[in-house]
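Single-letter residue listing:
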Amino acid sequence: MGKVTELLKQCADDISKAAAGSWTLGHQVRAYDLLDSLLAADADGRLTDLSDGFRAASQDYVLSYKANRHVLDEVFDEASLREELARTLAPYDDALKESRFEAAAAASLHEFAKEVFEIWQTSGIFARRRALRELRKRAGFRLESHRIGNYVAKTFDLMNEAQARFAKAQQARFAADVAYKITAGLHVRIFRLLEGMNSEYRVI
């Protein structure tokens, strides 16, 4: 419960800051993560065996909530939070767009390398030279003409590497998108959960 205890402390502090009109996406995400962790712990029965540190952090949270509950609804601004999220996601979107373009270009280059390999095996010398010259220009690297098959292997590796970077960018973008955490009423749900978490320990 160490992580949950730390989240309780941070969220109690966030609530105090909310009284000053400060409410950011970071505050919102912490509140969501705290509620999610508490619900998971409650489902596993871990809220029945509480450390002194957790109890103290719970008490601090409850006191902070009771003192500032009237301002929490006022500072929650969904539109503002979504605008902040959009700014946060912008570099991820840029990276995703760039990696998607690179993956498509690498796939196209590999397909062209296969076409050139076919031309090299079936066409005359002039067609072969034109195709190889264009492939070298597009590829940006040079191999010996008698090793044309290596272009196919090389561009296949480049395509796989670009696709791996694209997949990584997708995962990073997905992980950074916390739109589902922008929801009202998190703190009152945490408050009620702490209120009823243990009949032997009443924080209210």
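**Student:** For this particular structure, what's the right way to read the packing of helix α4 (residues 78–122) against helix α5 (residues 125–139)?
**Tutor:** Relative placement of two packed helices is described by the angle separating their axes and the distance separating the axes. Orientation of α4 relative to α5, taken along the N-to-C sense of each, is 160 degrees, at an axis distance of 9 Å. Our classification of the angle between α4 and α5 gives roughly antiparallel. In this structure, α4 meets α5 at a crossing whose hand is left-handed. Across from S108, L109, F112, A113, V116, I119 and W120 in α4, the residues of α5 making contact are A127, R128, R129, A131, L132, E134, L135, R138 and A139. Residues that form the contact of α4 with α5 fall into these classes: 11 nonpolar, one polar and four charged.

**Student:** Please clarify how helix α3 (residues 52–75) should be interpreted in this entry.
**Tutor:** Along an α-helix, residues three or four positions apart point the same way, because every turn accommodates 3.6 residues. Approximately 70 degrees is the largest bend angle found in α3, and it occurs at N68. Of the positions making up α3, those classed as buried are F54, A57, S58, Y61, V62, S64, Y65, N68, V71, L72 and V75. Elements that come into contact with the buried residues of α3 comprise α1 (2–18), α2 (25–43) and α7 (186–195).

**Student:** Any chance you could explain α1 here in plain terms?
**Tutor:** Between its first and last C-alpha atoms α1 spans 24 Å; for 17 residues at 1.5 Å apiece the expected length is 24 Å, and the two agree. Looking only at α1, the buried set comprises V4, T5, L7, L8, C11, A12, D14, I15 and A18. Those residues of α1 that are buried are in contact with α2, α3 and α7.

Scoring rules and cut-offs
- Residues numbered from 1 in each chain as written.
- Predicted model: local features only at pLDDT ≥ 70, side-chain atom pairs only at ≥ 80, totals over all residues.
- Heavy atoms only, no water.
- Axes fitted to C-alpha atoms, helices over the stretch in contact; angles between N-to-C directions.
- Helix = DSSP H or I, 4+ residues; strand = E, 2+ residues; numbered from the N terminus.
- Parallel < 35°, antiparallel > 145°, perpendicular 65-115°, else oblique.
- Left-handed = near helix turned anticlockwise from the far one by under 90°.
- Contact = heavy atoms within 4.5 Å.
- Nonpolar A, V, L, I, M, F, W, Y, C, P; charged D, E, K, R; others polar.
- Bend = angle between axes of the 7 residues up to and from the residue.
- Buried < 20%, exposed > 50% of the residue type's maximum accessible area, 1.4 Å probe, protein only.
- Expected span 1.5 Å × (residues − 1).

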